[in-house]
Amino acid sequence: MSQLSQRPEKPAVGLPLPHESANLHVTGAALYTDDLIHRTKDVLHAHPVQVMKAHGRITALRTAAALAVPGVVRVLTAADVPGVNDAGMKHDEPLFPDTVMFHGHAVAWVLGETLEAARLGAAAVEVELDEQPSVVTLSEAIAAGSFHGARPVMLAGDVDAGFADSVHVFTGEFQFSEQEHFYLETHAALAHIDEAGQVFVQSSTQHPSETQEIVAHVLGLHSHEVTVQCLRMGGGFGGKEMQPHGFAAVAALGAKLTGRPVRVRLNRTQDLTMSGKRHGFHAAWKIGFDADGRIQALDATLTADGGWSLDLSEPVVARALCHIDNTYWIPHARVAGRIAKTHKVSNTAFRGFGGPQGMLVIEDIMGRCAPLLGLDPTELRERNFYREGQHTPYGQPVTQPGRISAVWEQVKESGGLADRRREIAAFNAAHPHTKRAIALTGIKFGISFNLTAFNQGGALVLIYKDGSVLINHGGTEMGQGLHTKMIQVAATTLGVPLHKVRLAPTRTDKVPNTSATAASAGADLNGAAVKNACEQLRGRLLEVAGTQLGANASDVRIVEGVARALGSDRELAWDDLVRTAYLQRVQLSAAGFYRTEGLHWDAKAFKGSPFKYFAHGAAATEVEVDGFTGAYRIRRVDIVHDVGDSLSPMIDIGQVEGGFVQGAGWLTLEDMRWDTGDGPNRGRLLTQAASTYKLPSFSETPEEFNVTLLQNATEEGAVYGSKAVGEPPLMLAFSVREALRQAAAAFGPAGVSVELASPATPEAVYWALEAARAAATARTGGASALSHA
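Attention in this report is confined to the structure presented alongside it. (Residues numbered from 1 in each chain as written. Predicted model: local features only at pLDDT ≥ 70, side-chain atom pairs only at ≥ 80, totals over all residues. Heavy atoms only, no water.)

Side note on the overall build of the protein
Where we set the bar: We count a stretch as a helix when DSSP gives it H or I for four or more residues in a row; a strand needs E for two or more, and each element gets its number in order from the N terminus. In this treatment the radius of gyration is a C-alpha quantity, and the globule benchmark scales as 2.2 Å times the residue count to the 0.38 power. Only heavy atoms enter the contact rule, under which two residues are in contact if any of them lie within 4.5 Å. For every accessible area listed, the method is Shrake-Rupley and the probe measures 1.4 Å; residues are considered covered only by the protein chains on display. Positive: Lys, Arg. Negative: Asp, Glu. His and the chain ends are not part of the count. To locate a charge, the coordinates of NZ of Lys, CZ of Arg, CG of Asp or CD of Glu are taken.
Along the backbone of the protein there are 19 helices and 30 strands. Computed over C-alpha atoms, the radius of gyration of the protein comes to 28 Å, within 12% of the 28 Å expected from 2.2 N^0.38 for 789 residues, which places it in the range of a compact globule. A principal-axis box enclosing the C-alpha atoms of the protein has dimensions of 85 × 80 × 50 Å. Contacts in the protein between residues at least 24 apart in sequence constitute 81% of all its contacts with a sequence separation of at least 6. Within the structure as shown, the protein displays about 28400 Å² of accessible surface, and the carbon and sulfur contribution to it stands at 52%. In the protein, 70 side chains carry a positive charge and 84 a negative one; their mean positions are 2 Å apart.

Describing the side chain of S134
As for its position among the elements, S134 is in the loop between strand 6 (126-131) and helix 4 (138-144). Setting aside its immediate chain neighbours within four residues, S134 contacts A54, H55, E140, H343 and R682.

What to know about helix 10 (residues 355-369)
Put simply, the test is: Take the number of residues in a helix, subtract one, and multiply by 1.5 Å to get its expected span. Burial classification: accessible surface area is computed with a 1.4 Å probe over protein chains only, and a residue below 20% of its type maximum counts as buried, one above 50% as exposed, and the rest as partly exposed.
Taking 1.5 Å as the rise per residue, helix 10 with 15 residues should run 21 Å; its terminal C-alpha atoms sit 21 Å apart, in good agreement. A large share of helix 10 lies buried, amounting to 15 of its 15 residues.

Here's the deal with the side chain of H207
Mapped onto the secondary structure, H207 falls in the loop between strand 10 (199-203) and helix 6 (208-219). Ignoring anything within four residues of it in the chain, the contact list for H207 reads K240, E241, H245, T514, S515 and A516.

A few points about the packing of helix 6 against helix 7 (residues 244-258)
To keep it simple, the criterion reads: Fitting a line to C-alpha atoms yields each axis, with helices limited to the stretch in contact; the angle taken between N-to-C directions then spans 0 to 180 degrees. Convention used here: angles under 35 degrees read as roughly parallel, angles over 145 as roughly antiparallel, angles from 65 to 115 as roughly perpendicular, and any remaining angle as oblique. Here a crossing is called left-handed whenever its near helix is offset anticlockwise from the far helix by less than a right angle, and right-handed whenever the offset is clockwise. Just so you know the grouping, Ala, Val, Leu, Ile, Met, Phe, Trp, Tyr, Cys and Pro go in nonpolar, Asp, Glu, Lys and Arg go in charged, and all remaining residues, Gly too, go in polar.
Remark: helix 6 packs on helix 7, axes separated minimally by 9 Å, with the N-to-C direction vectors making an angle of 45°. Classified by the angle their axes make, helix 6 and helix 7 are oblique. When you trace helix 6 past helix 7, the crossing you get is right-handed. Judged by residue contacts, E210, T211, I214, V215, V218 and L219 of helix 6 engage H245, A248, A249, A252, L253 and K256 from helix 7. A breakdown of the residues in the contact of helix 6 with helix 7 according to their chemical character gives eight nonpolar, two polar and two charged.

Considerations on the sheet that holds strand 20 (residues 506-507)
Hydrogen bonds between backbone groups are what pair the strands of a sheet, and the pairing can be parallel or antiparallel. Heads up, the condition is: Pairing between two strands is assigned when DSSP locates at least 2 bridges connecting them.
Strands sit in the order 3-5-1-12-9-10-11-20 across an open sheet of eight strands; the sheet is mixed. Edge positions in the sheet fall to strand 3 (72-76) and strand 20, since each has one partner strand and no second. In this structure, strand 11 (residues 226-230) lies alongside strand 20, joined through two bridges in antiparallel fashion. Residue Q229 lies in a different strand from strand 20, and its bridge partner there is R507. This element, helix 3 (residues 115-124), spans strand 1 (44-51), strand 3, strand 5 (105-112) and strand 12 (262-265) of the sheet and lies at about 25° to strand 1.

Notes on the sheet that holds strand 22 (residues 562-565)
Pairing in this open sheet of three strands is antiparallel, and the strands run 21-22-23 from one edge to the other. At either end of the open sheet lies a strand with only one pairing partner, and these are strand 21 (556-559) and strand 23 (571-573). Across the sheet, the mean angle separating the axes of adjacent strands is 20° when strand polarity is ignored. Across four bridges, strand 21 lies against strand 22 in antiparallel orientation. The residue bridging V559 from the neighbouring strand is V562, located in strand 22.

Regarding helix 6
Along an α-helix, a turn takes 3.6 residues, which lines up residues three or four apart on a common side. Between the first and last C-alpha of helix 6 there are 16 Å, a value that for 12 residues agrees with the 16 Å anticipated at 1.5 Å per step. Taken across its 12 residues, helix 6 has 11 buried, putting it largely inside the fold. Those residues of helix 6 lying buried are P208, S209, E210, T211, Q212, I214, V215, A216, H217, V218 and L219. On its buried face, helix 6 is in contact with strand 10, strand 11, helix 7 and strand 20. Taken from the residues just after helix 6, G220 is the one with a positive phi, measuring 70°.

Observations concerning the nonpolar core
Heads up, the rule is: Throughout this description, the term nonpolar core refers to a set of buried Ala, Val, Leu, Ile, Met, Phe, Trp, Tyr and Cys residues connected via side-chain atoms within 4.5 Å.
Core analysis: the largest hydrophobic core is formed by 107 residues, its most contacted members being I287, F289, L302, F660 and L740. Leaving out residues up to four positions away in the same chain, F289 has contacts with S166, V167, H168, F170, R294, I295, Q296, M366, C369, L373 and L380. Judged by nonpolar contacts, the second largest core, of 52 residues, contains A459, L494, V544 and A590.

Things to note about the pairing of strand 22
Between strand 21 and strand 22, which pair antiparallel one after the other, the connecting turn spans two residues, and E560 there sits at a positive phi close to 50°. Summarising the sheet, strand 22 and strand 23 pair through three bridges and their orientation is antiparallel. Paired with A563 across the bridge in strand 23 is L572.

A closer look at the packing of aromatic side chains
Aromatic ring pairs are defined here through the distance separating the ring centres and the angle between the ring planes. Defined as follows: For Phe, Tyr and Trp, rings pair up if their centres lie within 6.5 Å, where Trp contributes its six-membered ring, and each pair is then called stacked (planes under 30 degrees apart), edge-to-face (over 60) or tilted (otherwise).
Considering all chains together, one arrives at 17 aromatic pairs under this definition. Measuring from centroid to centroid gives 4.9 Å for F385 and W408, while their planes differ by 85°, and the two rings are edge-to-face. Taken together, the residues span a long stretch of sequence, with F385 in the loop between helix 11 (377-383) and helix 12 (401-414) and W408 in helix 12 at a distance of 23 residues. Taken as a pair, F385 and W408 share a single burial class, namely buried. By way of ring pairs, the aromatic residues Y394, W601, F606, F611 and F614 are connected into one cluster.

Quick word on the pairing of strand 17 (residues 456-463)
Buried residues dominate strand 17, accounting for six of its eight residues. Of the strand pairs in this sheet, strand 17 and strand 24 (residues 589-595) are connected by seven bridges, and their pairing is antiparallel. Residue pairing for strand 24: V461 is matched across the bridge by A590. As paired strands, strand 17 and strand 18 (residues 469-473) are joined by five bridges and run antiparallel to one another. Bridging across to strand 18, L462 finds its partner in L470. Between the antiparallel neighbours strand 17 and strand 18 lie five residues, among them G467 with a positive phi of about 95°.

Describing the pattern of salt bridges
Rules: We count a salt bridge whenever a side-chain nitrogen from Lys or Arg sits within 4 Å of a carboxyl oxygen from Asp or Glu.
A full pass over the atoms with the stated rule returns 54 salt bridges. The residue K277 makes a salt bridge to E180 at a minimum N-O spacing of 2.6 Å. With K277 in the loop between helix 8 (268-274) and strand 13 (281-289) and E180 in the loop between strand 8 (168-176) and strand 9 (188-193), this pair connects stretches of sequence that are 97 residues apart. Pair check on accessibility: K277 and E180 agree, each one buried. Through salt bridges with shared partners, one network takes in E363, D364, R368, R381, R737, E738, R741 and E755.

Focus on the environment of V765
Relative to the elements of secondary structure, V765 occurs in helix 19 (residues 762-774). Taking relative accessible area as the criterion, V765 reaches 0% and is therefore assigned buried.

Quick look at the packing of helix 17 (residues 649-668) against helix 18 (residues 734-745)
The geometry of helix 17 relative to helix 18 is characterised by a closest axis approach of 8 Å and an angle of 45° between their N-to-C directions. With respect to helix 18, the element helix 17 is oriented oblique. Residues F660, A664, W666, L667 and T668 of helix 17 pack against F734, S735, V736, R737 and L740 of helix 18. Each residue belonging to the contact of helix 17 with helix 18 can be placed in one class, and the counts come to seven nonpolar, two polar and one charged.

And the structure:
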């Protein structure tokens with residue numbers, strides 16, 4: 001086992017600990033970015049000037065009326081930008097645009113003594129617009145040929161030969177919706193300038209280093225003149241990876257121009273109308289199977305709705321292509337990706353980052369084709385699992401195919417699926433207007449950033465003379481428990497009790513050039529960097545302890561805060577060891593670094609091994625559907641998930657539960673609607689609040705929810721043998737949608753293939769079961785786009 005994976009005696013990792021800020025969260029004492037204004041003197045409040053048209057060129061922007069509003073201090077416009085007027089890494093997102101690109105686009109910002117003064121000032125700004133035609137929907141963009149960014153193509157094998165060898169060939173289309181992040185804390189930033197002109201920004205951001213970079217180039221400064229700190233976020237889910245930068249830049253620009261602290265905090269409607277979502281996708285596909293139901297060939301085109309600018313759409317599409325195989329061996333594949341340019345908010349990262357979209361396509365295909373092949377969907381999936389020696393369509397070997405089957409079989413056994421299926425069949429036979437179904441789906445999710453350069457992490461660990469330890473790392477805390485795990489990693493590596501370790505807020509002047517806390521790589525990258533720093537310190541301390549104990553340093557162990565030499569009764573307490581090291585002038589601070597090894601990726605050829613490893617999991621979901629309304633409930637969920645050797649089991653189980661529920665929300669409830677008519681509100685987001693955008697709540701959580709972490713699952717080459725947990729569990733929710741499909745099909749004849757919209761709202765389920773009812777025995781379903789070639 002590698003040094004990175006091996007655990008010492010009595011490790012703090014693996015203990016089921018609560019979140020390090022849990023008490024602060026539940027008592028309301030935890031501070032978030034916007035809470036800091038109450039501790040800051042003379043704060044100005046910023047309010048956006050939004051234009052409520054989908055597309056148009058600004059012909060006039062008049063601010064005089066706003067400046068006449070009592071309490072208004074300044075109106076920020078493009079003329080005020082001393083550096084680069086752009087908030088994006090692709091230089092396609094003007095901070096103060098001269099063309100409105102989506103309904104609600106902010107073209108200026110008003111600073112006021114109070115938020116109300118700023119709001120009234122923003123309302124007084126006059127904007128004249130030369131309105132232009134807009135492309136709002138994905139289908140409109142495809143029809144108009146409105147695309148931007150790269151168009152990757154993933155090729156494997158000989159697709160034409162694969163189809164020629166196929167006994168069954170099916171074609172179809174599938175379009176599915178965006179998803180709103182709906183984090184509890186909206187976008188927020190607070191900026192101030194010190195006496196030397198240095199800029200300090202408190203930001204709710206997953207990527208402080210990039211926020212620093214954008215603020216610097218907007219202000220025309222170097223990065224060392226800007227410091228960004230993130231205390232914590234009230235949720236991020238990817239929505240705060242790229243999109244906080246512009247809001248931080250507005251606050252910093254206002255502070256630079258006025259000399260006063262400036263606060264930007266979006267209200268919920270502003271956040272919903274101004275920030276990007278998960279990309280909605282359209283898929284057109286053709287798939288071939290042999291006589292036994294094994295996939296022979298896949299030809300597909302995935303089109304993502306990128307919105308008005310590129311943001312992260314290119315890597316999102318790349319990851320969607322890399323995950324269209326999910327757990328299935330596809331020997332011959334041709335999958336093309338493209339990004340539609342629409343006049344909507346710029347869509348961005350969201351938990352899973354394109355992986356869920358790619359995997360949803362193949363799971364939808366399997367669910368639709370299984371009845372046509374005369375196979376149970378579970379059997380069809382099992383027949384196509386990866387096996388030893390096989391590789392993905394982009395060329396990466398699947399090194400742990402046994403885990404695909406291991407989690408699958410464990411769910412079948414622990415969930416008692418065989419007996420429950422018999423019970424469901426009996427229930428359905430006795431209940432003509434209510435049907436139940438149980439579906440089992442698995443996941444294989446690649447862990448690492450697709451861009452190899454991002455796979456690096458840093459840390460700074462300080463030991464003080466009294467033996468207390470302070471750690472800084474480049475990851476951000478958004479409620480996912482990263483800081484908790486980092487404390488456990490540090491305590492384990494140093495061999496000290498947990499109470500000895502404290503964690504400092506994430507700051508760019510402590511750990512520079514960090515990657516975003518994203519791609520589920522936060523614990524892998526930062527944990528390995530923290531471990532590296534602590535190993536340097538432990539090595540120095542072992543030399544001191546060896547001298548004190550009369551032993552070789554290699555024979556000394558530090559366990560639970562006590563240094564002991566092997567084969568000796570002598571010991572040295574941690575605090576005494578540290579004090580002795582200080583008196584001997586031994587350095588008690590260390591910078592740690594980690595780079596993920598073994599990665600390579602050719603984006604043009606779309607080949608390589610972009611992922612360090614794959615995370616696996618399986619979920620069985622049982623649902624009950626009402627035949628009169630399409631309303632449903634989730635009766636039971638059984639999950640077995642692979643997190644390697646967990647760093648913090650309680651945190652990881654919480655992540656699995658939360659990810660699953662968020663995935664179920666995307667697939668069944670969260671129905672984002674836009675005004676697509678030709679009236680004056682074209683392009684307006686219609687679902688602007690929790691009253692119209694339905695989020696999963698307690699009533700949507702499973703009545704019985706069983707989550708088990710795969711045991712004896714050490715991941716070689718990862719920090720203390722663990723695996724990532726943030727994103728993969730979201731895709732376990734495919735089992736909910738597939739169970740709803742099977743329940744709807746149960747209202748029709750045996751072997752009926754049911755199409756199901758996504759999100760599978762009660763309305764969508766109702767139309768699916770109506771189609772099943774109308775189907776004749778030999779037909780595939782009402783108005784089906786699925787055809788057998």
